[in-house]
Protein chains: 2
Amino acid sequence: MSLGNKYEPDLRPIRAPQQDLKQAKEPPHEIGTCRLVGDVLARAGDKWTVFIVRLLADGPMRFNELRRGADGISQRMLTLTLRGLERDGLVTRTVFPTVPPRVDYALTELGRTLLVHLQGLGEWAMENRPAIVAARAAFDARED
Amino acid sequence: MSLGNKYEPDLRPIRAPQQDLKQAKEPPHEIGTCRLVGDVLARAGDKWTVFIVRLLADGPMRFNELRRGADGISQRMLTLTLRGLERDGLVTRTVFPTVPPRVDYALTELGRTLLVHLQGLGEWAMENRPAIVAARAAFDARED
DNA sequence: CGGTATCCCCAGGGATACTG
DNA sequence: CAGTATCCCTGGGGATACCG
C-alpha cells in the first residue's frame, strides 16, 4: 500500500510497521472508526492546525497574515499545514493573478463544521483548566 | 521556566525556542485559549490517547487488557500514555496489592466529559469521511 | 503482571537560502 | 508576496532487556 500523496496522513493500521496483518478477533468499538477519529485528531492536534483554523474563523486571510497571526510558525510549516487542510477539503486556496501575487485562504463549509467541534473542545479546555492544573499538581506532589 | 514534570506537555508559547518574548500587540482570539485548545488536542490527538480513552469507555481495564485492546502499542508508550492521562486527572490508576499485582485503569468523570467531545469528533469524522476522501482525490488529481 | 531502563532510528519540523 | 529547496538537529517512539 503506497500513500497517495505527501500531504496524506498515514492511515495504515497502527501496528508494528512490517508486521503481518492477522486481525483475528473482532476489535472493540469498530477499529476503523477509532482509526478515523485518531486520524482526525492527529490532523486537528498537530502543532499548527488549530491556530490556522481559528485564524480563518473570521474570514479569508493571506499567507503572510496567517504567518503573523500564528506567531512563531515557520514558512515551511505554514505551507505544509495549509496544504494538508486544503487537501482534506477544509480550506480553499485562491490565487489572484496580480503582481505581487496575492493568495487567500478560507475555511470551507466542511472546515466550519470542524471548527464547531474544535470550539467545543476549546470550551471544555477552558472550563476544566483548573481541574487539570489541580490534578497535575496533586500527581506531582504524590510522586515526590 | 522549567517544566514541572516529565509527563507534562510543553505549554510554553509556541515560538522560536530561545527567542525573546515581546508579545507587543494583542493577539487575536485570546492566544492563551488557543494554546490551551492546542494542548488539549495535542493530548487527545497523540498516537494512542484516543484508543485508550475509548477502550476505557466501557469500564475499568487492566494494563495488559489495554495492551491487547490497542493492538500494536508498545509497552513503553502504553505506560507513557496512561501516566499522562492520569496526571491530567482523566484516568485513575488503582493498584491491588495481590500477587501477581493487578492494576486497574478507569476514566474519571473529567475523562468522561472529554470522551463526549471525542465521540462528537468521531461522528464528525464518520459523517464527513466521504467528503474528505473525495477532496483528497480531487486535490491529488489537480496537482498531477 | 506491570512496569523501568537503555539503545537507537528516523521523521517532524526549525533555519536559511533561493525563485517566479 | 508566496512560496520551494536544502540542511540539520531534536525528541517521539519502537525494540529489547531487565526488575519488584
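Residues numbered from 1 in each chain as written. Chains lettered and ligands numbered in written order. Predicted model: local features only at pLDDT ≥ 70, side-chain atom pairs only at ≥ 80, totals over all residues. Heavy atoms only, no water.

Labelled according to an unreviewed UniProt entry, chain A appears under the name Transcriptional regulator, originating from Aliidongia dinghuensis.

Asks: What is the right way to look at the sheet that holds strand β3 (residues 102–107) of chain B in this model?
Replies: Hydrogen bonds between backbone groups are what pair the strands of a sheet, and the pairing can be parallel or antiparallel. Residues and elements named next belong to chain B. Ordered in space as β1-β3-β2, the three strands form an open sheet in which the pairing is antiparallel. A strand with exactly one partner marks an edge of an open sheet, and here the two such strands are β1 (61–62) and β2 (91–96). Here six bridges tie β2 to β3, and the two strands are oriented antiparallel to one another. Counted as the bridge partner of Arg93 is Tyr105 from β3. Contacts from helix α2 (residues 49–56) reach β1, β2 and β3 within the one sheet, and its direction differs from that of β3 by about 95°. (Pairing = 2+ DSSP bridges. Helix = DSSP H or I, 4+ residues; strand = E, 2+ residues; numbered from the N terminus. Contact = heavy atoms within 4.5 Å. Axes fitted to C-alpha atoms, helices over the stretch in contact; angles between N-to-C directions.)

Asks: Can you walk me through the side chain of Asp88 of chain B in this structure?
Replies: Considering the arrangement of structural elements, one finds Asp88 of chain B in the loop between α4 (75–87) and β2. Given the relative accessible area of 3%, Asp88 of chain B is considered buried. (Buried < 20%, exposed > 50% of the residue type's maximum accessible area, 1.4 Å probe, protein only.)

Asks: Looking at this structure, how should I read the protein's contact with DNA strand D?
Replies: Around DNA strand D, the surrounding shell holds 19 residues, and the nearest of these are Gln75, Arg93 and Tyr105 of chain A together with Arg76 and Met77 of chain B. Sugar and phosphate atoms constitute 65% of the interface atoms of DNA strand D, taking the interface as everything within 4 Å of the protein. A distance of 3.0 Å separates a phosphate oxygen of DNA strand D from a polar atom in the side chain of Arg62 of chain A. Contact distances for DNA strand D include 2.6 Å between a phosphate oxygen and a side-chain N or O atom of Tyr105 of chain A. At the level of secondary structure, the elements contributing two or more residues to the surface near DNA strand D comprise α3 (63–69), α4 (75–87) and β3 (102–107) of chain A together with α4 of chain B. Along the lines of polarity and charge, the residues of the surface near DNA strand D split into nine nonpolar, four polar and six charged. (Near = heavy atom within 4 Å. Polar contact = N/O pair within 3.5 Å; in protein donor to acceptor, adjacent residues only side chain to side chain. Nonpolar A, V, L, I, M, F, W, Y, C, P; charged D, E, K, R; others polar.)

Asks: Help me out: how do you make sense of the protein's contact with DNA strand C in this one?
Replies: Around DNA strand C, 20 residues are found, and the nearest of them are Arg76 and Met77 of chain A together with Gln75, Arg93 and Tyr105 of chain B. Gln75 of chain B is positioned with one of its side-chain polar atoms (N or O) 2.3 Å from a base nitrogen of DNA strand C. Taken together, the elements giving at least two residues each to the surface near DNA strand C come down to α4 of chain A together with α3 (63–69), α4 and β3 of chain B. Of the residues that constitute the surface near DNA strand C, the class distribution is nine nonpolar, five polar and six charged.

Asks: What's the story with the packing of helix α5 (residues 109–142) of chain A against α4 of chain B in this structure? I'm lost.
Replies: Geometrically, a packed helix pair is captured by the angle between its two axes and the distance between the axes. Taken N-terminus to C-terminus, the directions of α5 of chain A and α4 of chain B make an angle of 115°; their axes are 8 Å apart at the nearest point. Residues Ala135, Arg136, Phe139, Asp140 and Arg142 of chain A of α5 of chain A form the contact with α4 of chain B, whose participating residues are Arg83, Glu86 and Arg87 of chain B. Looking at the contact of α5 of chain A with α4 of chain B, its residues break down into two nonpolar, no polar and six charged.

Asks: Would you take a moment to explain α2 of chain B for this structure?
Replies: Side chains three or four residues apart in an α-helix point the same way, a direct result of the helix having 3.6 residues per turn. Counting buried positions over the eight residues of α2 of chain B gives eight, a clear majority of the element. Those residues of α2 of chain B that sit buried are Thr49, Val50, Phe51, Ile52, Val53, Arg54, Leu55 and Leu56 of chain B.

Asks: Whenever I open this one, helix α5 (residues 109–142) of chain B confuses me. Can you help?
Replies: Residues and elements named next belong to chain B. Over its 34 residues, α5 runs 47 Å from end to end, which matches the ideal 50 Å to within 8%, given 1.5 Å per residue. At Asn128, α5 shows its maximal kink, close to 55°; a proline, Pro130, follows between one and four residues later. Between the side-chain oxygen at the start of α5 and the backbone nitrogen of Leu110 there is a gap of 3.4 Å, and the oxygen is on Thr108. (Expected span 1.5 Å × (residues − 1). Bend = angle between axes of the 7 residues up to and from the residue.)

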